[in-house]
Amino acid sequence: MADVIIVGGGTAGCVIASRLHQRKPSLSITLLEAGPDPKNHAHVKNPAEAALLHFSDLDWKYFTAPQKHLDGKPRYNCAIKGLGGGTVINTGGWIRGDALDYDGWAREVNDRRWSYDGLLPYFKRSEKHFDADADPSQHGFDGPMHTASVSASGRKFPLRDIVLELWKHTGVDQIPDANNGHPQGITELVENWRDGKRQIASDVYPLDGVDVRTDTLVKRISINSHKVAEGVELANGEKLVVKPGGQVILTAGAYRTPQLLMLSGIGEPSHLSQHGIRPIVELPEVGKNLHDHLMLFRYWKLRHPESGLALGSPDFSGPNYEKGGPVDWLVTTPIPAEPLKRAIEKDEGPIPEDHALLRGPRSHLEMNLLYAVFASETVGLNIPLDGSSIMTYYMGCLPTSRGSITLSSDDPTAQPVIDPNYYATETDKHVMREGFRMHTRLMLETPEGKDLVQREHTPPGFPSLDADATDEEIDARIKLGGSTVFHPGGTATMGKVVDASLNVYGVKNLRVADASVIPQPLASHYQMIVYAIAEQAVDIILSENFAN
Ligand SMILES: Cc1cc2nc3c(=O)[nH]c(=O)nc-3n(C[C@H](O)[C@H](O)[C@H](O)COP(=O)(O)OP(=O)(O)OC[C@H]3O[C@@H](n4cnc5c(N)ncnc54)[C@H](O)[C@@H]3O)c2cc1C
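Here the structure is a predicted model, which is why all the values come from computation and not from measurement.

A. Here's a closer look at the overall build of the protein chain. Counting secondary structure elements, the protein chain contains twelve helices and 24 strands. For the protein chain, whose C-alpha radius of gyration is 23 Å, the value lies close to the compact-globule estimate of 24 Å for 548 residues. Taken over the C-alpha atoms alone, the protein chain extends approximately 70 × 50 × 40 Å along its principal axes. When burial is assessed residue by residue, the protein chain has 61% of its 548 residues classed as buried. For the protein chain, long-range pairs separated by at least 24 residues make up 73% of all intrachain contacts whose partners lie at least 6 apart in sequence. Total accessible area on the protein chain is roughly 20400 Å²; 50% of this is exposed by carbon and sulfur atoms. Side-chain charges in the protein chain split into 54 positive and 70 negative, and the spacing between the mean points of these groups amounts to 3 Å.

See below:
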């Protein structure tokens, strides 16, 4: 019998297991992970090989339901099945986001622990910030996760200065640090590679002293007639129980955590009954509120490829290039308020000037430019990685489209139905079109852009678009190429499925503590907030359940 059973050995699960053991070694902790320990897998340590993990034995290989607003096509939404979860494949962006978003979260759940200031100690706790002279009120210097900016890693790419000038046309300034709650501006990308190597949650947060069981799929949580979580049932039929007063903590990620809740009888009763599951706790919001960031890649032919400006050219080489991605800058911008207001009103009717998405201004777009070409085949292009082209990326940071996770069956090995419902709202369409037009103007109309690129590589059958492109023309491109940034959240949302102490409503001794609890999209990349949720969860669990 364990004091704590943690279901899902991904990002959050590893942190919680490790910290609980570190802080209270007398606790017996079991961590259950469906996949293997991938530490020695061929393509894990080197972040540059992450693409080789897609569709590998470590990939759950999820496909979404057909996306109604993306021409009815499903999307491939990778997630890792292995100890370390998303940290086994993620791109290493260490991007905290905007304090305004966290403050909105805290307001929604009426609890300051989830405001930016409330989360700040936990952001700091996970971090070993690269710059020892940085503001100590904003950064941690003795946490487990090493970070590095582009220049701190020693990279100096040939296009660095010209691309900085290019980005300045967006109207935002260069800022020294975007990981201080105020990201709007142009800043060097920060990554959590350590000397160019991936830091997996299960390595960085040591699991010695934790009973780790890999290749162990959990089928459901065992809940007794008093609605107390007593343990878990595995897919192989084995049952594990927690000691009286023990805790079951769900950290199976935003796709599988709601699935496990539903398989355990927690959810919308009619949906559960449809799959032969006896409803135990009526919580219709389980699996609702799925949010995810949509992004678009665009590809550009360089005017002077002979200069060794991009990956693939034999002349694109320099000290420490392997220590991070082929990129310099991360740009976060608001967008003009009036047209945004009109778009929101198409979705919501008349809104006040201080509507949540207008107040701030909020961070609506994030973008960067990579000295490389990846994934062009997803839009029917086969651009060679020979240094002749580059790519831009942008993401809508605060989507209002909401999707769902529902059961496809009562079989725990089956993929749940993942329906992110991308691009459903006029607000999201407006933001993504705005990003598209911004990139067109930057690349084709500014002196730096004109000097840099000859033309866009447009997908076969699609016309070249200038800044006067119509909404319909832009939509066609987004419907073809719009894709996830791998940030699903919200499917066991705080305030509706769990309370602000992460307890599942209506069940004792059961918590959720992963990306599922994030109530609203954040203008960030989600590993950093998941680390912070997990770090805060440990404080909550120790103080509320194991204080003595
Ligand atoms: C390709 C990719 C690139 C990304 N890039 C970035 C980036 O650059 N920056 C960034 O900040 N974020 C990035 N992310 C997102 C980030 O990694 C995730 O937000 C984060 O890992 C989510 O953590 P989690 O603990 O909620 O879930 P996960 O880390 O996914 O962990 C869930 C774990 O639960 C296990 N599990 C599921 N069901 C069961 C079950 N029934 N029984 C037992 N175990 C189960 C899974 O196998 C998995 O290991 C990326 C993600 C992906 C996939």
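B. Structural detail: the packing of helix α3 (residues 116-126) against helix α12 (residues 526-545). Close contact between α3 and α12 brings their axes to 8 Å; oriented N to C, the two are set at 105°. By the angle class used here, α3 and α12 are roughly perpendicular. The residues of α12 that touch α3, namely those facing Gly118, Leu119, Tyr122, Phe123, Arg125 and Ser126, are Met528, Ile529, Tyr531, Ala532, Glu535, Gln536 and Asp539.

C. Summary view of the layout of surface pockets. In this structure, the second largest pocket encloses a volume near 380 Å³. The wall of the second largest pocket is formed by 20 residues, among which Ala356, Leu357, Arg362, Arg402 and Gln520 lie closest to the centre. In terms of residue count, the dominant contributor to the lining of the second largest pocket is helix α2 (residues 99-109) (four residues). Across the lining of the second largest pocket, the residue classes break down as seven nonpolar, six polar and seven charged. Here the lining of the second largest pocket spans two domains, since at least three of its residues come from each of domain 1 (2-92 + 199-290 + 488-545) and domain 2 (148-197 + 294-398 + 423-481).

D. Inspection of the site of the ligand at higher detail. Taken together, 35 residues lie near the ligand, and Thr11, Glu33, Gly86, Gly93 and Gln527 sit nearest. Within the contact set of the ligand, an oxygen atom lies 3.1 Å away from a backbone nitrogen or oxygen of Ala515. Bound to the protein, the ligand loses 94% of the 1000 Å² it would expose on its own. Those elements that provide at least two residues to the shell around the ligand are α1 (11-23), α6 (253-263) and α12. Tallied by class, residues from the shell around the ligand come to 15 nonpolar, 16 polar and four charged.

E. Structural detail: helix α9 (residues 426-445). An ideal rise of 1.5 Å per residue puts 28 Å on 20 residues; α9 measures up with 27 Å between its terminal C-alpha atoms. Judged by how many residues are buried, α9 sits mostly within the fold: 16 of 20 residues are covered.

F. Fine view of empty space enclosed by the protein. With the rule as written, the count across this model stands at three cavities of 30 Å³ or more. Of the pockets and cavities examined, the largest cavity occupies roughly 150 Å³. Along the walls of the largest cavity sit 18 residues, with Asp292, Leu294, Gly396, Pro399 and Asp428 positioned nearest its centre. Take the lining of the largest cavity: its biggest share by element is four residues, from α9. A per-class count over the lining of the largest cavity returns ten nonpolar, six polar and two charged. Estimates place the volume of the second largest cavity at around 50 Å³.

G. Fine view of the environment of Ile344. By the secondary structure assignment, Ile344 is in helix α8 (residues 337-348). Overall, the relative accessible area of 0% leaves Ile344 in the buried class. Each C-alpha atom, one on Ile344 and one on Leu358, is 9.6 Å from the other, the two residues being 14 residues apart in sequence. Setting aside its immediate chain neighbours within four residues, Ile344 contacts Gly349, Ile351, His355, Leu357, Leu358 and Thr427.

H. Main features of the pairing of strand β8 (residues 185-188). Burial of the side chains of β8 extends over both faces: Gly185 and Thr187 are buried on one face and Ile186 and Glu188 on the other. In this structure, β8 lies alongside strand β17 (residues 329-333), joined through four bridges in antiparallel fashion. Opposite Thr187, over in β17, you have Leu330 as the bridge partner.

I. Geometry of α6. The element α6 is extensively covered by neighbouring structure, given that ten of its eleven residues are classed as buried. Along α6, the residues classified as buried are Ala254, Tyr255, Arg256, Thr257, Pro258, Gln259, Leu260, Leu261, Met262 and Leu263. Just past α6, the residue Gly265 takes up positive phi, approximately 95°.

J. Main features of the pattern of salt bridges. With the rule as written, the count across this model stands at 29 salt bridges. Here Arg362 and Asp101 are joined by a salt bridge, their closest N and O atoms 3.0 Å apart. Of the two residues, Arg362 is situated in the loop between α8 and β18 (365-370) and Asp101 in helix α2; the sequence distance between them amounts to 261 residues. In this structure, Arg362 and Asp101 share a single accessibility class: buried. Note that Arg433 and Asp471 form a salt bridge whose closest N and O atoms lie 3.4 Å from each other. Within this pair, whereas Arg433 is found in helix α9, its partner Asp471 is found in helix α11 (residues 471-481), the two being separated by 38 residues in sequence.

K. Looking closely at the domain arrangement of the protein chain. Each assigned domain of the protein chain is listed with its residue range as follows: domain 1 (2-92 + 199-290 + 488-545) and domain 2 (148-197 + 294-398 + 423-481). With centres defined by C-alpha atoms, the gap from domain 1 to domain 2 works out at 31 Å. Across the boundary between the two partners, domain 1 contributes 17 residues, which contact 22 residues of domain 2. Interface of domain 1 and domain 2: buried area, both sides summed, is about 1600 Å²; carbon and sulfur atoms make up 55% of it. Contact with domain 2 buries area across many residues of domain 1, yet His69, Gln199 and Ala523 alone supply 33% of it, more than any other trio. Summed over the shared surface of domain 1 and domain 2, the number is zero salt bridges. Our count for the domain 1 to domain 2 interface comes out at five residue pairs in polar contact (both at pLDDT 80 or more). Of the residues assigned to the side of domain 1 that touches domain 2, the class counts are six nonpolar, eight polar and three charged.

L. Region of the structure containing a nonpolar patch on the surface. On the surface, a cluster of nonpolar side chains totalling about 230 Å² of accessible area is made up of Leu311, Phe374 and Leu385. Examined against the element boundaries, Leu385 turns out to sit in the loop between β18 and β19 (389-396).

M. Looking closely at the packing of aromatic side chains. Taken as a whole and assessed by the stated rule, the structure comprises 17 aromatic pairs. Their ring planes at 45° and their centres at 6.2 Å tell us that Tyr102 and Tyr116 sit as a pair that is tilted. Taken together, the positions of Tyr102 in helix α2 and Tyr116 in helix α3 put the pair 14 residues apart, joining distant regions of the chain. The pair Tyr102 / Tyr116 is uniform in exposure class, with both members buried.

About the cut-offs
- Residues numbered from 1 in each chain as written.
- Predicted model: local features only at pLDDT ≥ 70, side-chain atom pairs only at ≥ 80, totals over all residues.
- Heavy atoms only, no water.
- Helix = DSSP H or I, 4+ residues; strand = E, 2+ residues; numbered from the N terminus.
- Rg over C-alpha atoms; globule rule 2.2 N^0.38 Å.
- Buried < 20%, exposed > 50% of the residue type's maximum accessible area, 1.4 Å probe, protein only.
- Contact = heavy atoms within 4.5 Å.
- Areas by Shrake-Rupley, 256 points an atom, 1.4 Å probe, with all protein chains shown as cover.
- Lys, Arg positive; Asp, Glu negative; His and termini not counted.
- Charge placed at Lys NZ, Arg CZ, Asp CG, Glu CD.
- Axes fitted to C-alpha atoms, helices over the stretch in contact; angles between N-to-C directions.
- Parallel < 35°, antiparallel > 145°, perpendicular 65-115°, else oblique.
- 1 Å grid on protein atoms, 1.4 Å probe; cavity = no way out; pocket = protein on both sides within 12 Å on 5 of 7 lines; lining within 4 Å.
- Points joined across faces, edges and corners; volume = space filled by probe spheres on them.
- Nonpolar A, V, L, I, M, F, W, Y, C, P; charged D, E, K, R; others polar.
- Domains from an automatic or database assignment.
- Near = heavy atom within 4 Å.
- Polar contact = N/O pair within 3.5 Å; in protein donor to acceptor, adjacent residues only side chain to side chain.
- Expected span 1.5 Å × (residues − 1).
- Pairing = 2+ DSSP bridges.
- Salt bridge = Lys/Arg side-chain N within 4 Å of Asp/Glu carboxyl O.
- Buried area = accessible area lost by both parts, 1.4 Å probe.
- Patch = residues over 30% accessible without salt bridge, like charges linked within 9 Å, V, L, I, M, F, W, Y side chains within 5 Å.
- Phe/Tyr/Trp six-rings, centres within 6.5 Å; stacked < 30°, edge-to-face > 60°.

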